[in-house]
Amino acid sequence: MKKIKNTVLIFLSMCLVLLTSCNGETANIKQFSAPKNVKVLQSGTIAQNGAYSLLWDSASSCVILNNRENGDIWSSIPYDYYRGEEETGEYKDMNLCSPIFLTCKNRNDSMETIYYSNELTAENSVYSVKIKNGLRVIYIFNKIGVTVPVEYILNENGLEVRLLVNEMTEKDDFVYKVSLMPFFASCKNSKNSYVFVPSGSGAVMSTDETYGLRRYSEAVYGKDETNQELQQLSVGKSVRLPAFGVKSGADSAMLGFFDKGSELGIVEAVTGDSMLDYSAVYPTVQVRSTASAKMQSGNASSIIEKFTLSKADTEYVSVKYIPLYGANADYNGMANTYRDYLKNEGILQGTEKNVGMFLNVIGGVNVAQSFCGIPYKKTLAATTIDDTAKIVNDITSKTGAQLVVKLSGFGKGGIDYSKIGGAFKFSGGLGNAKSLKRLYESCGDNAKLIMDFDLVYFSSSSNGFSVSSDSARNANGLAATQKKYSMIHFQEEKSGKSVYLLGRQYLTAAADKMIEKTQRWSIDGYSLSTLGRVAYADGAQSKYCAKNGIYKDVSAILKKIKNKGSLIATEDANLYAAGLSDYIFSAPTGSSGYLSFDMDIPFYQMVLKGTAALSSQPVNLAKNDRVEFLKAISTGSSPEFVLIKSFYNEFTNTAHSGLAASCYDDIKENVIKTANESKDFLKAVCGQSIVKYTRNGNLTQTVFENGVTVYVNFGSTEIVSEGGTVEAYGFVYTGGEGI
């Protein structure tokens, strides 16, 4: 078997790899055990149903999915290459003929090694046996003492692939990541094909070799927040929906998505590699957590990397594939098909509520003060609850728009992650239960009132949650810390004090405490901004390794709240939170913006629109407020504004200096104009899914389920569209009842 070693030299090319189990637990490692007699399933049809046949070629360990109606074929080895119709080569064989890529870490050295499985068949190291509707294959890496069991199961929609995590066996090399069928969702390099990746709102990558070799890799639901990266080359958007796909030519496409165990997923892609002649997008599963620490010895520095001895404690991680054809064979078809699947599975259950505008009202901000030379922190009131009532009444009286009002940072510590849930108390000077009741009553039918509680980050103990004993642990076994996340800049603040993450096992208790302490408060529901978007591991227990279980844990919390009749709001939400949300603030309106991307697409909105009310990123905090507003219009989303009543000079020395652009008295004309400009259109598409989205230059066209079509001009000159002339940076819409 060929072994390709990819040694990553970090910092001064000195890296030590250390191991740790989870909080003293016995590591959940199955010792290497290869079958004494390697069974080889005979080549041929393994399973079939009305739509598809699943075939197996034991000579090449190739899995083949055949469409029985049109004869189309997708295979783990690209089909033309599998049939021997193309020029072969060692590099091609290593990549195209490997059903899995295996990334291991050795306990004794610093090297991270990638093993390609293309030669296991020749070594008689592929065990295969028939199971119900498919086959189980065990890939046996004898030289390093690792076995990787994978199941391939035919279903009515296509193919399911399962990595049996708990059944893997290991010896000296420990499995870190497994890439499954890297070239199953692939296409020949061509100008007529592309790869879809779920970065942020979504993006496409051309497979044309003109652009050269390009790669992509991002973790599903974002990076593990317990691993504070010491070196970060770029700051990107997170993957919120675990879907990916490839369009191959004019009439064929493949949608793929993580199903069970999606939090362990990584979406990867390679395009335009002229040495391969193929481009592909594929799923990788990470089964262990990692953490890094910088060591300094004189002028020399090194990075010590530690990874957990225990791997994620889960039965399996599954990836499902659905072939698409004809008019459905593009990113629109992928979005429509994925949305239908999520609805059928009960993951998307809601119906969008009419919202003319989202308001995120900021309460308190912590600032540095001193008394007789002694420094201390004080929470200054950017907006009181009584101020909020005046702002809301002013907007509703002048626009008639339905509002969703989120109160952020009204608890202890303001918006600066002081105590879990702001200690479930009002910060002094911002308001109290009585003023909240007055605000609630003044909102009436014109606005829904939501209060935000941070159940993830904290920097001081309260309500039984201790920084020293209840914080999540990283792979080093130490309390995990992260830099503060700015609600204004929508990124981590690299300077300033770090904050802790609440241990995963305490999240449910924190939510229960929130419900208990606030049950008499006059609010329509809860906003859980951090809980809905932050996915993280916890080295305290192996069942939390590599973010394992975050989908299930957060879903259970949100369902409990929803069952009590409360509305739920989230922010930039991961799938498991988005599916249970009534309102999603700050939905991603762009990708990570990597050079490998050719065009951003609103895949996030194309999947979720109609099931929850979505907002844009805050219009008043955007680099170009008009463009951000138009992004909202192009997807039928509501505009969002971050608002305060007062800005103090002390704010300029905090992470929230951007609040200067949020003073309501300064921007209220724009707020009211924006609401009036969009409210009629938003009513026309409320509850309607997006069925088609296209972009041609500066003009986008979006077709909704009820026939309403909106044309948006992102350019500085007018454009003539099928719906009429669209002014520069304007929009027009047609169709639908009464339009």
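Located above this text is the structure these notes cover.
Visitor: Lay out the packing of helix α4 (residues 385-399) against helix α5 (residues 433-443) with the relevant residues and their values.
Guide: For the pair α4 and α5, interaxial distance at closest approach is 9 Å and the crossing angle is 10 degrees. Our classification of the angle between α4 and α5 gives roughly parallel. Contact residues: I385, D386, T388, A389, V392 and N393 in α4; S435, L436, R438, L439, S442 and C443 in α5.

Visitor: Outline empty space enclosed by the protein, listing residues and values.
Guide: Going through the model one piece at a time under the given rule, you end up with 3 cavities of 30 Å³ or more. A volume near 270 Å³ is recorded for the largest cavity. In this structure, the largest cavity is lined by 28 residues; those nearest its centre are G409, G414, D452, F453 and D454. Those elements that place two or more of their residues in the lining of the largest cavity are β30 (403-408), β31 (447-452) and α7 (529-533). Looking at the lining of the largest cavity element by element, the count peaks at 3 residues for α7. Taken together, the residues of the lining of the largest cavity break down into 11 nonpolar, 9 polar and 8 charged. Counted as a void, the second largest cavity has a volume near 50 Å³. E352, K353, N354, V355, A613, L614, G636, S638, L682, V685 and C686 together form the lining of the second largest cavity. Sorting the residues of the lining of the second largest cavity by element identifies β41 (613-618) and α12 (664-685) as the ones contributing at least two each. The residue makeup of the lining of the second largest cavity, split by class, is 6 nonpolar, 3 polar and 2 charged.

Visitor: Residue-level account of the pattern of salt bridges, with values.
Guide: All told, the structure shown has 23 salt bridges when counted by the stated rule. Here E85 and R83 are joined by a salt bridge, their closest N and O atoms 3.0 Å apart. Where D277 meets K92, a salt bridge forms, and the shortest distance between an N and an O atom there is 2.7 Å. Linking D277 in the loop between β22 (265-271) and β23 (278-286) with K92 in helix α2 (residues 90-96), this pair joins segments that are 185 residues apart in sequence.

Visitor: Hey, could you go over α4 for me, with residue numbers and the actual values?
Guide: Compared with the 21 Å implied by 1.5 Å per residue over 15 residues, the 21 Å span of α4 between its first and last C-alpha is a close match. Within the span of α4, buried status applies to I385, D387, T388, A389, I391, V392, D394, I395, T396 and T399. Contacts from the buried residues of α4 go to β27 (357-362), β30, α5, β31, β42 (638-643) and α12. Just downstream of α4, G400 is the residue with a positive phi angle, here 70 degrees.

Visitor: How would you explain the sheet that holds strand β44 (residues 699-704) if you had to name every residue and give the values?
Guide: Each strand in a sheet pairs with another by means of backbone hydrogen bonds, the pair being arranged parallel or else antiparallel. Taken in spatial order, the 4 strands make up an open sheet running β43-β44-β45-β48, and their pairing is antiparallel. Each edge of the sheet is formed by a strand with only one pairing partner; in this case those strands are β43 (690-696) and β48 (731-734). Each strand axis lies, on average, 15 degrees off the axis of its neighbour in the sheet, ignoring direction. Here 4 bridges tie strand β45 (residues 709-713) to β48, and the two strands are oriented antiparallel to one another. Bridged to Y711 within β48 is V732. This element, helix α11 (residues 625-634), spans β43, β44, β45 and β48 of the sheet and lies at about 160 degrees to β45.

Visitor: Account for the packing of aromatic side chains, naming residues and giving values.
Guide: Applying the stated rule across the entire model yields 27 aromatic pairs. Note on Y79 and Y82: the rings are 5.8 Å apart at their centroids and 25 degrees apart in plane angle, and the pair reads as stacked. Of the two residues, Y79 and Y82 are both situated in helix α1 (residues 79-82); the distance of 3 residues between them amounts to about one turn of the helix. Overall, the relative accessible area of 28% leaves Y79 in the partly exposed class. Overall, the relative accessible area of 26% leaves Y82 in the partly exposed class. Site record: aromatic cluster; members linked through ring pairs are F424, F426, F453, W521 and Y526.

Visitor: Can you tell me about the pairing of strand β4 (residues 44-48), naming the residues and giving the values?
Guide: Taken together, the 4 bridges between β4 and strand β5 (residues 52-57) define a ladder with antiparallel strand orientation. Bridge pairing links A47 to L54 in β5. What sits between β4 and β5 in their antiparallel hairpin is a turn of 3 residues.

Cut-offs and rules
- Residues numbered from 1 in each chain as written.
- Predicted model: local features only at pLDDT ≥ 70, side-chain atom pairs only at ≥ 80, totals over all residues.
- Heavy atoms only, no water.
- Axes fitted to C-alpha atoms, helices over the stretch in contact; angles between N-to-C directions.
- Helix = DSSP H or I, 4+ residues; strand = E, 2+ residues; numbered from the N terminus.
- Parallel < 35°, antiparallel > 145°, perpendicular 65-115°, else oblique.
- Contact = heavy atoms within 4.5 Å.
- 1 Å grid on protein atoms, 1.4 Å probe; cavity = no way out; pocket = protein on both sides within 12 Å on 5 of 7 lines; lining within 4 Å.
- Points joined across faces, edges and corners; volume = space filled by probe spheres on them.
- Nonpolar A, V, L, I, M, F, W, Y, C, P; charged D, E, K, R; others polar.
- Salt bridge = Lys/Arg side-chain N within 4 Å of Asp/Glu carboxyl O.
- Expected span 1.5 Å × (residues − 1).
- Buried < 20%, exposed > 50% of the residue type's maximum accessible area, 1.4 Å probe, protein only.
- Pairing = 2+ DSSP bridges.
- Phe/Tyr/Trp six-rings, centres within 6.5 Å; stacked < 30°, edge-to-face > 60°.

Worth remembering: the numbers are spatial, not functional.
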